[in-house]
Amino acid sequence: MARRPAESLLDVLSPNPFEGVTSPADVLHQTEENFYRGAPPRWFNFYISDQRVADGSGTPFIKRDGYNALVQTVQLKGKTPGITIVKLFHQPGCGGTTLAMKVLWDLRKIFTSAVLTDSASNTTNIAEEVVQLFKDGNRKTVLLLVNNMQRLEALQESIKIEMASREMHVDSRKAAVIILNCVRKDAVLTTSHVVFLQKVLSKDEKIKFDEKRDELRKRYGDKSKQFHGFNIMQTNFSKTYIQEACAVFINTTTAESPQMTQLDACLSLLNAYVPGSYLLESQCLDFFKHGDYAHGDSPLKERMSTFGHLIITFQEDRSSEMKVCIAHRMIAQHCTELLAETGMTRSETASYLLTHFNSDELPSFLVSFIKDMLTKRETKPNEEDPGNGTWIIEDNERFSRLILDIQSVERQLECVNVLVVASERFNRNAFFPQALARFYSIELKNYIKAEKWAKIAKLRYPQSSFIADTLGQVYKNQLKNQKHCAKPRALLELASKAIEAFKDEERLAENESGTETRGDGTTKISKVFNIHGQFGYLDVCNLLYKKLVSQDDTWREVLTKKAPLNSVLKSLGDAEHSRFKVLIDGLKDDIERKCAFFDTYLTYSKPEQKDDPAYISKGTSECYKNFVGNSPSKDFKAEGAALIQKLKENLADTSAGVLSCLDRECKESDLKEITTWWEKIFLEKESVVALANYILAHIMLRNMEAELPLDCKHLDAFKQKMPRIPNQSPELHMLVLLLSWPTESEANCVLDLNRLIHNMHCSYEVTYKAQFRSRYLRPLFFIGNGEGLNRIVHRKILEQNVQTRQDWTRDTIFQDATVKARLVRVQGVVRNYRVFATIGGAAIEVHANIQNCLWKAQQVSFYLGFTIRGPVAFDIQTKPGAKDKKAEEISGENFFIGSEPEQIKPDDTTGGGHFVDRHRTQLVQSVSDTPFVLKKLEDEG
């Protein structure tokens, strides 16, 4: 049988799970009946099917068209060591989970197959059990099925760490973990996915289903007419079949059979809006208020009478309670519609479900189902979707699908009533009052009640920045919808409330509670850094600016602090304006800081697999130009202030602004001026940051292939200013690395590159890690052909060489011949799950763009890029003719690995000023020994 210890998170499938097991014919028939009626698949279903094929009494188990592609993908991934993810997208009710389990069943003798039973569990605990499977068995590959898991990257990392800790017991050079993630998607996706099952059958699938229909009719006779789960698919998801199956509701009223109707209504509502939801059989029996069900009398199906054939009762394993659901989601949806037509509306059913249970604490699974039903907002394609089939930009619906349907079919007031009942029923849950506040604010424009419920939500979950965002959004919407003639005082009062709410949200976001731990393992941080507070602040400022300036242009000067607030006292209505003065005086500086944050945030990082919405960049630029772009700087003398002002107007007054010039398609003439302005500022103020920005701007010009009268000046001056580089300036550390990286002709490292990389990592950790923690760090530059600054290639130049939008997370761009021609491959080695560039007698550790390339010790080559965290190996390829043993030798004691904290310990015999490699006695300078770096830079100069 499938092995699952009492406390295990995995349901492990053995090669011969039912060997020696004999079951009575009635058990076989009941198991098969349940499956075809609509119950979730069990391993026993596949076994029964195999036995029927073996004895000639049945046709093979139906495999949908995606089966072969999925099996081939999984088998291919199993041939390569590492941790990979395969995603199976499927519309609910079309057999996606069944297909995934069939793949595991058929590959059980090749791979160690297991199903994750609790996707919400800690990834470390899951990883421990997954890696233990290698130790328990003798197979090289684990195939793990998970359902709708969101934290796949965290699980990958946890498995890798666990693998490394058990290297004595697990041969990581051969071990592979394949995570098969079953993802439910209602919307139709592009064909770029390996498998996406939809509610439509191909010609071949229809033939298979027809053959199986004939077989089931012979075996079960009229019973097969109620095999709704199978019949719906066999009829190609026919609406006519659904209508006939649900015809029992047409002549049924709530008064005639209230208990049956109420139970079916509750089950239908749950199953229609929350795929995979269920009630326990004991909960269903409670509807009938009988006392004899504990003795096993009057089964649920009998009590449901004419509705019984629409109900499925099943048990997932021997230890679990009996669960109940509607036979198919399409039946649940149609039942919900029919009941609404007879008078039992969605809102009425939802309220009944919320109030029916008398127990103080509902089961956690049911609370989760109800929360999803009332608050989960589905994703939808955004209007910005490029439509090229490779990149999907999604946005959230305004409310949950149930709330949207109630609003559409019933009245807005019913939406309010349902959410009020939920908020009062679950008086500690913050998500129901949050949804209620949003509905009052967005749909009803009742800002008094919206404010009330937003504050209640905040009180229930005071540490959540995402809950706190709702209050700021309520004030912002109220400000947005103020009439054109609204008095400035009212506008400022609303803006003040919104700004304080967003500031509070920003403070909470800095130390967000979430699912991942850090430090001692007890402090939690969110995977996603919440930027809504900062952007909400800028959005409010834009609204305030437009509304006030449209009434009186003097406000333009006041808001940018070019004119005092006294200039508009008349429009304020009285002389009491001190609190508004504090607000206005702080706007410009706060806006400048927040715009600088978004400049770095958008330039240096992006979400995984998609782009940031365009409105963030647009809104940020607009606010910057309104409040900052026209205001002179106070940090410089007159001439320097004018230069900084020009840079601000060109959005290039920061390092990130300079580095984003190509992304913003800055004109060559403008970039030349930017370069000149930064040089003048450096000459005036002797600022190392200004000097670095001048050099970076010069590099950008070279990437544009601009005509330059002179070479980049002041390189030597930059090297001499190294001791004054701010500790929290990753941009400057990156420039040092770019200028210091040896060329192909240089046999040895001129500098201690490991030390420079370590310094940059430390600088990134302090400056950006907290904000960028959930995002992909975009490559900024690559090492290319040529000499000097000409070999530094910007990412945008590579993107311009290819026709389609590129997904940098997959290294696909490096398949293009023109991209390959611009770059040089760096020689390196992989060892101990890390990659090193081998230069002369040193091994320089760099980050890997694709972590799965680090599974096997080997000689490699790659393209070297630079993110704001440090150097990154892209397109890691095995070096032709390289052998594992040779790779281990090269990456081991024959190379000096530098000053890694994990490899190097303070050497007490040297007085603590140096570090020593654990494998060698060669000394290197400590992190604080900056003069050593300076000396090498001077030697290079």
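Residues numbered from 1 in each chain as written. Predicted model: local features only at pLDDT ≥ 70, side-chain atom pairs only at ≥ 80, totals over all residues. Heavy atoms only, no water.

Colleague: I keep staring at the overall build of the protein and nothing clicks. Help me out?
Modeller: For the protein, the helix and strand inventory stands at 38 helices and 25 strands. Taken over 941 residues, the protein has a buried fraction of 53%. Of the roughly 42,700 Å² of accessible surface on the protein, a fraction of 49% belongs to carbon and sulfur atoms. (Helix = DSSP H or I, 4+ residues; strand = E, 2+ residues; numbered from the N terminus. Buried < 20%, exposed > 50% of the residue type's maximum accessible area, 1.4 Å probe, protein only. Areas by Shrake-Rupley, 256 points an atom, 1.4 Å probe, with all protein chains shown as cover.)

Colleague: Can you walk me through the packing of helix α16 (residues 401-409) against helix α17 (residues 412-425) in this structure?
Modeller: To characterise two packed helices, one gives the angle between the axes of the helices and the distance between these axes. For the pair α16 and α17, interaxial distance at closest approach is 7 Å and the crossing angle is 145 degrees. Across the interface between the two elements, Ile 403, Ile 406 and Gln 407 of α16 pack against Gln 412, Glu 414, Cys 415, Val 418 and Leu 419 of α17. Of the residues in the contact of α16 with α17, the class split is 5 nonpolar, 2 polar and 1 charged. (Axes fitted to C-alpha atoms, helices over the stretch in contact; angles between N-to-C directions. Contact = heavy atoms within 4.5 Å. Nonpolar A, V, L, I, M, F, W, Y, C, P; charged D, E, K, R; others polar.)

Colleague: Hey, could you run me through helix α7 (residues 203-220) in this one?
Modeller: Note: α-helices contain 3.6 residues per turn, so residues at a spacing of three or four share the same orientation. The end-to-end C-alpha separation of α7 is 26 Å, in line with the 26 Å expected for 18 residues at 1.5 Å each. Buried residues of α7: Glu 205, Phe 209, Lys 212, Glu 215, Leu 216 and Tyr 220, and no others. All buried residues of α7 lie within an arc of 120 degrees about the axis, which places them on one face of the element. Opposite its buried face, α7 presents the exposed residues Lys 203 and Lys 218, each directed more than 90 degrees away. Looking at the buried side of α7, the elements it contacts are α1 (25-37), α2 (43-54) and α8 (228-234). (Expected span 1.5 Å × (residues − 1). Arc of directions from axis to C-beta.)

Colleague: Just to check I follow, could you spell out the sheet that holds strand β6 (residues 195-197) for this structure?
Modeller: Where strands meet in a sheet, backbone hydrogen bonds hold them as pairs that are either parallel or antiparallel. Pairing is mixed in the open sheet, where 6 strands are placed in the order β1-β3-β4-β5-β2-β6. Looking at strand neighbours, the two that pair on one side only are β1 (10-13) and β6, the edges of this open sheet. Between one strand axis and the next, the sheet turns by 20 degrees as a mean value, whatever way the strands run. Direction of pairing for strand β2 (residues 82-90) relative to strand β5 (residues 176-184): parallel, over a ladder of 9 bridges. Within the sheet, the bridge partner assigned to Thr 84 lies in β5 and is Ile 178. (Pairing = 2+ DSSP bridges.)

Colleague: Explain the packing of aromatic side chains here, please?
Modeller: Geometrically, a pair of aromatic rings is defined through the distance of the ring centres and the angle of the planes. Enumeration according to the criterion identifies 39 aromatic pairs in this entry. Geometrically, the ring pair formed by Phe 597 and Phe 598 is edge-to-face, given 5.0 Å between the ring centres and 70 degrees between the ring planes. Both residues of the pair, Phe 597 and Phe 598, count as buried. A cation over a ring is seen here: Lys 371 above Phe 431, with NZ or CZ 4.5 Å from the ring centre. (Phe/Tyr/Trp six-rings, centres within 6.5 Å; stacked < 30°, edge-to-face > 60°. Lys NZ or Arg CZ within 6 Å of the ring centre and 35° of its normal.)

Colleague: Is there a simple way to explain the environment of Ile 695 in this structure?
Modeller: Mapped onto the secondary structure, Ile 695 falls in helix α30 (residues 688-703). In this structure the C-alpha to C-alpha distance between Ile 695 and His 714, which are 19 residues apart in sequence, comes to 8.2 Å. The residues touching Ile 695, leaving out its near neighbours within four places in the chain, are Cys 712, His 714, Leu 715, Phe 718 and Leu 735.

Colleague: Mind showing me how you'd approach the pattern of salt bridges here?
Modeller: Oppositely charged side chains may form a pair once their charged atoms are brought near each other. Under the defined criterion, the tally for this structure stands at 34 salt bridges. Arg 593 serves as the salt-bridge partner of Asp 590, at 2.2 Å between the closest nitrogen and oxygen. In this pair, Asp 590 and Arg 593 both sit in helix α25 (residues 578-604), 3 residues apart, roughly one turn of the helix. When its relative accessible area of 54% is taken as the criterion, Arg 593 is described as exposed. Linked through salt bridges whose partners overlap, the residues forming this network are Glu 32, Arg 52, Lys 212, Glu 215 and Arg 219. (Salt bridge = Lys/Arg side-chain N within 4 Å of Asp/Glu carboxyl O.)

Colleague: Help me understand the pairing of strand β18 (residues 825-831), please; the structure alone is not making it clear to me.
Modeller: The two faces of the sheet receive side chains in turn, since in a regular strand these alternate between them. Note: β18 against strand β21 (residues 858-866), 6 bridges, orientation antiparallel. In the sheet register, Val 829 faces β21, and the bridge partner there is Gln 859. Two elements, β18 and strand β19 (residues 834-839), share 4 bridges in a ladder whose sense is antiparallel. The residue of β19 that forms the bridge with Arg 831 is Arg 834.

Colleague: Please clarify how the sheet that holds strand β7 (residues 279-280) should be interpreted in this entry.
Modeller: Reading across the sheet, the 3 strands line up as β7-β9-β8 and stay open at both edges, with antiparallel pairing between neighbours. A strand with exactly one partner marks an edge of an open sheet, and here the two such strands are β7 and β8 (311-314). Pairing of β7 with strand β9 (residues 323-326), which is carried by 2 bridges, proceeds in the antiparallel orientation. Bridging from a neighbouring strand, Leu 279 pairs with Val 324 of β9.

Colleague: How do you make sense of the nonpolar core when you look at a structure like this?
Modeller: It is characteristic of soluble globular proteins that their nonpolar side chains tend to be buried jointly. Grouped together as the largest cluster of nonpolar side chains are 248 residues, with contacts concentrated most on Trp 555 and Trp 741. Each residue touching Trp 555, except ones within four places of it in the same chain, is listed here: Pro 488, Leu 492, Leu 548, Val 549, Leu 565, Val 568, Ser 571, Leu 572 and Ile 584. The next biggest cluster of nonpolar side chains, apart from the first, holds 26 residues, and it includes Leu 116, Ala 127, Val 170 and Ile 179. (Core = buried A, V, L, I, M, F, W, Y, C linked by side-chain atoms within 4.5 Å.)

Colleague: I tried to follow α17 on my own but got confused; where do I start?
Modeller: Between the first and last C-alpha of α17 there are 20 Å, a value that for 14 residues agrees with the 20 Å anticipated at 1.5 Å per step. Glu 414, Cys 415, Val 416, Val 418, Leu 419, Val 420, Ala 422 and Ser 423 are the residues of α17 that are buried. Turning to α17, the residues buried within the fold contact α14 (346-356), α15 (364-375), α16, α18 (431-444) and α19 (447-460).

Colleague: Can you help me understand unusual backbone geometry in this one?
Modeller: Most peptide bonds are trans, and most residues other than glycine sit at a negative phi. Although it is not a glycine, Glu 665 adopts a positive phi angle of roughly 55 degrees. One can find Glu 665 in the loop between α28 (655-659) and α29 (668-685). A residue is classified by how much of its surface remains accessible, and Glu 665, at 65% relative accessible area, is exposed. In this model, Tyr 833 sits at a positive phi of 65 degrees, which is unusual for a non-glycine residue. By secondary structure assignment, the location of Tyr 833 is in the loop between β18 and β19.

Colleague: Before we go on, may I ask you to explain the pairing of β9 in this structure?
Modeller: The alternating pattern of β9 places Lys 323 and Cys 325 and Val 324 and Ile 326 on opposite faces, both of which are buried. Direction of pairing for β8 relative to β9: antiparallel, over a ladder of 4 bridges. Each residue of the ladder has a partner; that of Ile 311, found in β9, is Ile 326.

Colleague: Explain the side chain of Thr 375 here, please?
Modeller: One can find Thr 375 in helix α15. Judged by its relative accessible area of 17%, Thr 375 falls in the buried class.

Colleague: Explanation requested: the side chain of Asp 11 in the structure shown.
Modeller: Following the sequence through the fold, Asp 11 ends up in strand β1. For Asp 11, a relative accessible area of 17% gives the class buried. A polar contact of 3.1 Å, which involves the side chain of Asp 11, links it to the side chain of Trp 43. (Polar contact = N/O pair within 3.5 Å; in protein donor to acceptor, adjacent residues only side chain to side chain.)

Colleague: Could you clarify how one ought to interpret the confidence of the model for the protein in this entry?
Modeller: A low pLDDT score tells you not to read the predicted coordinates there in detail. Here the protein averages 83 in pLDDT, while 83% of its residues score no lower than 70. Confidence over residues 514-523 falls short of pLDDT 50; this stretch has 16 contacts with residues more than four positions distant or in other chains. Predicted confidence is poor over residues 884-941, with pLDDT under 50, and the contacts of this stretch with residues over four places away or in other chains come to 113 contacts. (pLDDT = per-residue confidence, 0-100.)

Colleague: Got a minute to help me understand the environment of Gln 226 in this structure?
Modeller: With respect to the element layout, Gln 226 can be found in the loop between α7 and α8. On the basis of relative accessibility, which here comes to 33%, the residue Gln 226 falls in the partly exposed class. Taking the C-alpha atoms as reference, Gln 226 lies 9.5 Å from Ala 327; in sequence the two are 101 residues apart.

Colleague: What is the right way to read the packing of helix α10 (residues 258-273) against α16 from this model?
Modeller: Direction vectors running N to C along α10 and α16 enclose 115 degrees, while the axes themselves pass 10 Å from each other. On the basis of their axis angle, the class for α10 and α16 is roughly perpendicular. Here α10 contributes Leu 269, Ala 272 and Tyr 273 to the contact with α16, which in turn contributes Arg 401, Leu 402 and Asp 405. Here the contact of α10 with α16 is composed, by residue class, of 4 nonpolar, no polar and 2 charged. (Parallel < 35°, antiparallel > 145°, perpendicular 65-115°, else oblique.)

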